[in-house]
Amino acid sequence: MVTRLILVLGDQLTPDVAALRQADKARDLVVMAEVMAEASYARHHPQKIALVFAAMRKFAAHLAAQGWTVAYTRLDDPENSQSIGGELLRRAAERGASEVLATAPGEWRLILALNDLPLPVTLLPDDRFLCSAAEFAAWARDRRQLRMEFFYREMRRRTGLLMEGDKPAGGQWNFDHDNRRPATPDLFRTPPPRFAPDAVTAEVLDLVAARFGTNFGVLHPFEWATDRAGALRALDHFIDHSLAGFGDTQDAMLAGDPVLAHSLLSPYLNLGLLSPREVCDRADAAFRAGLVPVNSAEGFIRQILGWREFMRGIYFLEGPGYTRRNVLAHSRALPPLYWGGPTRMACLSHVVGQTRDMAYAHHIQRLMVTGNFALLAGVDPFQVHEWYLAVYIDAFEWVEAPNTIGMSQFADGGVVASKPYVSSGAYINRMSDYCGGCAYDVAQKSGPGACPFNLLYWHFLLRHRTRFAQNPRMAQMYRTWDRMDETRRTAVLAGADAFLARLDAGEAV
Ligand code: FAD
Ligand code: DLZ
Ligand code: SF4
């Protein structure tokens, strides 16, 4: 007789996850379930659902081969109650189990739902991270402001990654200044590895096409790895071919090369197929072996050891209401162009098109194109959050929300970022090759053909002058505005208002 259920969620796919470590193979029952509640709390990109289901099915088979008893529910099982809680109650009744052991989910919604179950549920801290929620809270306590850079330095010291004794390797903690170069098309840049679907994945792809075919996003070609072996191959490939160039092109965007030297490892890290420590160790070892420059190794490790851990800390520190923050009181509806509606802005068209096709965009595309535009246009941050949570292959709320609500939309009032990430078209033009093919002119500051980012940038700054004028990192921009010729200022603001009016009228801007 089974007495205990061990819950393994779709993003907890590692034998080392806390609940499995504490479970008893001989007596406990592992419960895994494909359910509509999880597949529809956001209108997930079909590739994301396919990745989660295929990886879950393979992980369940792996556990069974290791001697675990696994109760796996497929989405189309007629008995499926279609929620995680429902499946736990069903399995408990079926097997006579009286308690549940789970690793804490990465989303408040599910934590609260599990705590509400009429069954004793023990939630163990998810310790697949380099900094626990408790350690982060201790670090954050008594600090007036939480800044990633200081957290990151402490994490470097604590882990010894890229450290030479008590000094940072290469003599600097952060090589960001070296990593702001544009890129040029390079036929010799090695493309990312592609993983052809096997029988398990092919079956999932058919299911997803039938059930989620109308969600935004293209399902085929589906080229993601869906198990640990594949994820390890992707990691090898990145270390061997792309890490060396990561730093130099980290912030660059090219229409014909959506990935550049980025790793595409976020889905595997977030699902549990790779651990953050092993990924950082590989980058550290490549640097120590003299295979990659320090700016690349540091830039890459900072994203995982710094940003990823920092974002998780913030999510759990800030509590369940975080996704509803809206300090700038932005209320515009998310424009249809985010769902593939027509637009004349080449940068948005490229990034949204790439998102539709691959369920992927790299960080600067997310931050400085789609995020920047939504912030400048004053879009309701909750709608922006719902979009990011839906469309990216790696989107799980613990990491998506602080990036969107905090870093990208400044809706948390500066918990994550010390100033809003906004720019005019000049930044996008410098870092990408998008502007050449655009209906708008990036060099034009006002008038009907002016790049909308140029107009909205000033409109945003003036809308929020009281909040930002005192920010030492933004004061210069206000001085520039104040020195501008009155006629030009009037033209810029009138142009921005006219643009927003067209956007609100549903025109293809
Ligand atoms: P690389 O550029 O190769 O970076 C290496 C790894 O560093 C990534 O795999 C990721 O694990 C980590 N990383 C990099 N930047 C961040 C960051 N800002 N926060 C946390 N981890 C980071 N990342 C997600 O994993 N899930 C999300 O839902 C998500 N939503 C985002 C929403 C917005 C608005 C923004 C601006 C960023 C978001 N990010 C998210 C962060 C970042 O864009 C992605 O992690 C990255 O683009 C994934 O691609 P990659 O694996 O090729 O990353
Ligand atoms: C994202 C996702 C999807 C699409 N489907 C499932 C599912 O059917 N079953 C499951 O256990 N997990 C799924 N997930 C991942 C969960 O949504 C994720 O565990 C929570 O959001 C917490 O991070
Ligand atoms: Fe984007 Fe403006 Fe460049 Fe067009 S001109 S691609 S809208 S930044």
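Since this is a predicted model, take the numbers as computed values, not measurements. (Residues numbered from 1 in each chain as written. Chains lettered and ligands numbered in written order. Predicted model: local features only at pLDDT ≥ 70, side-chain atom pairs only at ≥ 80, totals over all residues. Heavy atoms only, no water.)

K.L.:
Help me understand the overall build of the protein chain, please; the structure alone is not making it clear to me.
P.N.:
Helix and strand content of the protein chain: 21 helices and seven strands. A compact globule built from 509 residues should have a C-alpha radius of gyration of about 23 Å, and the protein chain, at 24 Å, falls within 12% of that. In terms of overall dimensions, the protein chain has C-alpha extents of about 80 × 55 × 50 Å along its principal axes. Sequence separation of at least 24 residues holds for 74% of the intrachain contacts in the protein chain that already meet a minimum separation of 6. Of the roughly 20400 Å² that the protein chain leaves accessible, carbon and sulfur atoms contribute 53%. Of note, the protein chain has its 54 positive side-chain charges centred 5 Å away from the centre of its 56 negative side-chain charges. (Helix = DSSP H or I, 4+ residues; strand = E, 2+ residues; numbered from the N terminus. Rg over C-alpha atoms; globule rule 2.2 N^0.38 Å. Contact = heavy atoms within 4.5 Å. Areas by Shrake-Rupley, 256 points an atom, 1.4 Å probe, with all protein chains shown as cover. Lys, Arg positive; Asp, Glu negative; His and termini not counted. Charge placed at Lys NZ, Arg CZ, Asp CG, Glu CD.)

K.L.:
What am I meant to see in the sheet that holds strand S3 (residues 69-73) here?
P.N.:
Two modes of strand pairing occur in sheets, parallel and antiparallel, and in both the strands are linked by backbone hydrogen bonds. Spatially, S3-S2-S1-S4-S5 is the arrangement adopted by the five strands of the open sheet, whose pairing is parallel. Two strands bound the open sheet, and with one partner strand each, they are S3 and strand S5 (121-124). If you compare each strand with its neighbour and ignore which way they point, the axes differ by 25° on average. Of the pairings in the sheet, the one linking strand S4 (residues 99-103) to S5 comprises four bridges and is parallel in character. Note on S5: the bridge partner recorded for Val100 is Val121. Against the sheet, helix H3 (residues 46-65) engages strand S2 (29-33) and S3, with an angle of about 160° to S3. (Pairing = 2+ DSSP bridges. Axes fitted to C-alpha atoms, helices over the stretch in contact; angles between N-to-C directions.)

K.L.:
Which parts of the structure should I look at to understand the side chain of Arg302?
P.N.:
Tracing the backbone through its elements, the reader meets Arg302 in helix H12 (residues 294-318). Owing to a relative accessible area of 3%, Arg302 belongs among the buried residues under this scheme. Apart from residues no more than four positions distant in its own chain, Arg302 is found in contact with Met148, Glu149, Tyr152, Asn174, Phe175, Asp176 and Trp307. (Buried < 20%, exposed > 50% of the residue type's maximum accessible area, 1.4 Å probe, protein only.)

K.L.:
Sorry if this is basic, but what is going on with helix H4 (residues 84-95) here?
P.N.:
Because each turn of an α-helix spans 3.6 residues, side chains separated by three or four positions end up pointing in the same direction. Taking 1.5 Å as the rise per residue, H4 with 12 residues should run 16 Å; its terminal C-alpha atoms sit 16 Å apart, in good agreement. Taken together, the buried positions of H4 are Ile84, Gly85, Gly86, Glu87, Leu88, Arg90, Arg91 and Ala92. Each element contacted by the buried residues of H4 is listed here: strand S1 (4-7), S2, helix H2 (36-40), S3, S4 and helix H5 (108-115). Two residues or fewer after H4 comes Gly96, characterised by a positive phi angle close to 70°. (Expected span 1.5 Å × (residues − 1).)

K.L.:
I keep staring at the site of ligand 1 and nothing clicks. Help me out?
P.N.:
Within the structure, ligand 1 sits among 29 residues, and His262, Ser263, Leu264, Tyr360 and Asn403 are positioned closest to it. A distance of 2.7 Å is found between an oxygen atom of ligand 1 and a side-chain nitrogen or oxygen belonging to His262. Within the backbone of Ser266, one N or O atom sits 3.0 Å away from an oxygen atom of ligand 1. In isolation ligand 1 exposes 820 Å². Once the protein is present, 99% of that is buried. Listing elements by their share of the shell around ligand 1, those giving two or more residues are helix H10 (266-271), H12, helix H14 (363-377) and helix H16 (397-408). Residue classes in the shell around ligand 1 are distributed as 15 nonpolar, 10 polar and four charged. (Near = heavy atom within 4 Å. Polar contact = N/O pair within 3.5 Å; in protein donor to acceptor, adjacent residues only side chain to side chain. Nonpolar A, V, L, I, M, F, W, Y, C, P; charged D, E, K, R; others polar.)

K.L.:
For this particular structure, what's the right way to read empty space enclosed by the protein?
P.N.:
Sizing a probe to match a water molecule and rolling it over the atoms shows the empty space that remains. One pass over the full model with this rule turns up three cavities of 30 Å³ or more. Reported here for the largest cavity is a volume of approximately 340 Å³. If you go around the largest cavity, you meet 24 residues; those closest to its centre are Gly10, Glu38, Tyr41, Val52 and Phe396. It is H3 that provides the largest number of residues to the lining of the largest cavity, a total of five residues. Split into classes, the residues belonging to the lining of the largest cavity amount to 14 nonpolar, three polar and seven charged. (1 Å grid on protein atoms, 1.4 Å probe; cavity = no way out; pocket = protein on both sides within 12 Å on 5 of 7 lines; lining within 4 Å. Points joined across faces, edges and corners; volume = space filled by probe spheres on them.)

K.L.:
Looking at this structure, I do not really get the environment of Glu278. What am I missing?
P.N.:
Mapping Glu278 onto the fold places it in helix H11 (residues 276-288). Given the relative accessible area of 21%, Glu278 is considered partly exposed. Measuring from C-alpha to C-alpha, the distance between Glu278 and Leu235 comes to 9.7 Å, with 43 residues separating the pair along the chain. Non-local contacts of Glu278, meaning those with residues more than four positions away in its chain, are made with Arg228, Leu232 and Leu273.

K.L.:
What should I look at first to understand the site of ligand 2 in this one?
P.N.:
Ligand 2 sits among 19 residues. The nearest are Asp11, Ala33, Val35, Glu38 and Glu107. With respect to ligand 2, the side chain of Asp11 contributes an N or O atom lying 2.6 Å from an oxygen atom. Between ligand 2 and Gly106, the relevant distance is 3.5 Å, taken from an oxygen atom to a main-chain nitrogen or oxygen of the residue. About the coverage of ligand 2: the protein hides 100% of its 490 Å² of free accessible area. The cavity that encloses ligand 2 is the largest cavity. Mapped by element, the contributors of at least two residues to the shell around ligand 2 are H2, H3 and H5. Take the shell around ligand 2: its biggest share by element is three residues, from H3. Residues that form the shell around ligand 2 fall into these classes: 11 nonpolar, three polar and five charged. (Sits in = over half its atoms within 2 Å of the grid points.)

K.L.:
Help me out: how do you make sense of the pattern of salt bridges in this one?
P.N.:
Where side chains of opposite charge bring their charged atoms close, a pairing between them can arise. Under the counting rule described, the total for this entry stands at 33 salt bridges. The salt bridge partner of Arg109 is Glu38, with a shortest N-O separation of 2.8 Å. In this pair, Arg109 is assigned in helix H5 and Glu38 in helix H2, connecting sequence segments 71 residues apart. As a salt-bridge pair, Arg356 and Asp357 come within 3.0 Å of each other at their nearest N and O atoms. In this structure Arg356 comes out as partly exposed when scored by relative accessible area, which is 34%. In this structure Asp357 comes out as partly exposed when scored by relative accessible area, which is 34%. In this structure, a network of salt bridges that share partners links the residues Glu87, Arg90, Arg91, Glu94 and Arg95. (Salt bridge = Lys/Arg side-chain N within 4 Å of Asp/Glu carboxyl O.)

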